[in-house]
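Residue-level structure breakdown
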Amino acid sequence: GDLDKVVNLLLSLSGRLARVETALGSLGPHAPAEDKLALREKQRLLVAQLEDAKELKEHVGRREEAVGAMVARYLPAEHLQDYQHFVKMKSALIAEQRELEEKIKLGQEQLRCLHESL
């Protein structure tokens, strides 16, 4: 459960950071200074939060290793391999699901913009 939460947190923060960086890049040279300042502050906060989330992931990883070592004492080798595969795939699938959700959201936003421009 913690792994799910941390992976979702990392993906959410990195997505938000990417959107802020895109917004910063799209600001023209004549954009108000307070807009640039607000976006840079958001960027700074998101970078700090992302670093904190990475530390959390490392902590969860260490805890996962400890749990894996305890599980290894009680499971036969075949079941242990299944457990390890499950844990690895779960993170990958969460990341893939989140990426697909972001692509769907982007596609819907682009479609909305196209409808509005027509």
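The residue count restarts for each chain, going from 1 along the sequence in the order it is written. Only residues with pLDDT of at least 70 are given local features in this predicted model, and only at 80 or more are side-chain atom pairs given and counted; all residues enter the totals for whole chains, interfaces and linings. Note: side-chain values were computed over all heavy atoms of the structure, leaving out hydrogens and water.

**Digging into the overall build of the protein chain**
- A helix here means a DSSP run of H or I that spans at least four residues, while a strand means a run of E at least two residues long, and both kinds are numbered starting from the N terminus. On a plain count of helices and strands, the protein chain comes out with 3 helices and 0 strands.
- Here the protein chain has a C-alpha radius of gyration of 20 Å; the compact-globule value for 118 residues is 13 Å, and the former is much larger.
- With the C-alpha coordinates aligned to their principal axes, the bounding extent of the protein chain is approximately 65 × 35 × 15 Å.
- With a 1.4 Å probe rolled over the protein chains alone, any residue whose accessible area is under 20% of its type maximum counts as buried; one over 50% counts as exposed, and the rest are partly exposed. Within the protein chain, the proportion of its 118 residues that are buried is 19%.
- Once local pairs closer than 6 in sequence are excluded, the contacts in the protein chain between residues at least 24 apart make up 64%.
- Counting only carbon and sulfur atoms, one obtains 59% of the accessible surface of the protein chain, whose full area is about 9100 Å².
- When charges are counted, Lys and Arg are positive and Asp and Glu negative, with His and the chain ends excluded. To locate a charge, the coordinates of NZ of Lys, CZ of Arg, CG of Asp or CD of Glu are taken. Seen as two clouds, the 18 positive and the 20 negative side-chain charges of the protein chain have centres 2 Å apart. Radius of gyration: over C-alpha atoms. The globule rule applied is 2.2 Å multiplied by the number of residues raised to the 0.38 power. In this description, contact between two residues means that some pair of their heavy atoms is separated by no more than 4.5 Å. Using the Shrake-Rupley algorithm and a 1.4 Å probe, accessible areas are obtained, with residue cover drawn only from the displayed protein chains.

**So, the domain arrangement of the protein chain**
- For the domain bounds, the source is a domain assignment made automatically or taken from a database. One can read the domain layout of the protein chain as domain 1 (1-74) and domain 2 (77-117).
- The straight-line distance from the C-alpha centre of domain 1 to that of domain 2 is 16 Å.
- Contacts between the two partners involve 12 residues from domain 1 and, on the opposite side, 9 residues from domain 2.
- Put simply, buried area is how much 1.4 Å-probe accessible surface two parts lose in total, over both of them, once they are put together. Summed over both sides, the interface of domain 1 with domain 2 buries roughly 920 Å², with 63% coming from carbon and sulfur.
- It is L3, D4 and L11 in domain 1 that bury the most area against domain 2; as a group they hold 37% of the surface buried on that side.
- A carboxyl oxygen of Asp or Glu within 4 Å of a side-chain nitrogen of Lys or Arg is what we treat as a salt bridge. Where domain 1 meets domain 2, there are 1 salt bridge.
- Between R19 and E102 there is a salt bridge, and its shortest N-O distance comes to 3.5 Å.
- Nitrogen and oxygen atoms within 3.5 Å of one another constitute a polar contact, given that in protein one can donate a hydrogen and the other can accept it, and given that sequence-neighbouring residues count only through two side-chain atoms. Remark: the boundary between domain 1 and domain 2 carries 1 residue pair in polar contact (both at pLDDT 80 or more).

**Quick look at the packing of helix 1 (residues 2-26) against helix 2 (residues 33-74)**
- Axis separation between helix 1 and helix 2 bottoms out at 9 Å; the angle between their running directions is 160°. One finds that helix 1 runs roughly antiparallel with respect to helix 2. Note that helix 1 runs across helix 2; the crossing there is left-handed.
- Taken together, the residues of the contact of helix 1 with helix 2 sort by class into 16 nonpolar, 3 polar and 10 charged. All axes are obtained by fitting lines to C-alpha atoms, using only the stretch in contact for helices, and the reported angles, taken between N-to-C directions, cover 0 to 180 degrees. Should an angle fall under 35 degrees it is taken as roughly parallel, and over 145 as roughly antiparallel, whereas 65 to 115 is taken as roughly perpendicular and any remaining angle as oblique. By definition, turning the near helix anticlockwise from the far helix through less than a right angle yields a left-handed crossing, and turning it clockwise yields a right-handed one. Here the nonpolar group is Ala, Val, Leu, Ile, Met, Phe, Trp, Tyr, Cys and Pro; Asp, Glu, Lys and Arg are the charged ones; every other residue, Gly included, is treated as polar.

**Considering the packing of helix 1 against helix 3 (residues 77-117)**
- Close contact between helix 1 and helix 3 brings their axes to 10 Å; oriented N to C, the two are set at 35°. Like other packed secondary-structure pairs, helix 1 and helix 3 cross with a definite hand, here right-handed. For the pair formed by helix 1 and helix 3, the contact residues are L3, D4, V7, N8, L11, S12 and R19 on the first element and V87, K90, S91, I94, A95, R98 and E102 on the second.
- Among the residues forming the contact of helix 1 with helix 3, the class breakdown is 6 nonpolar, 3 polar and 5 charged.

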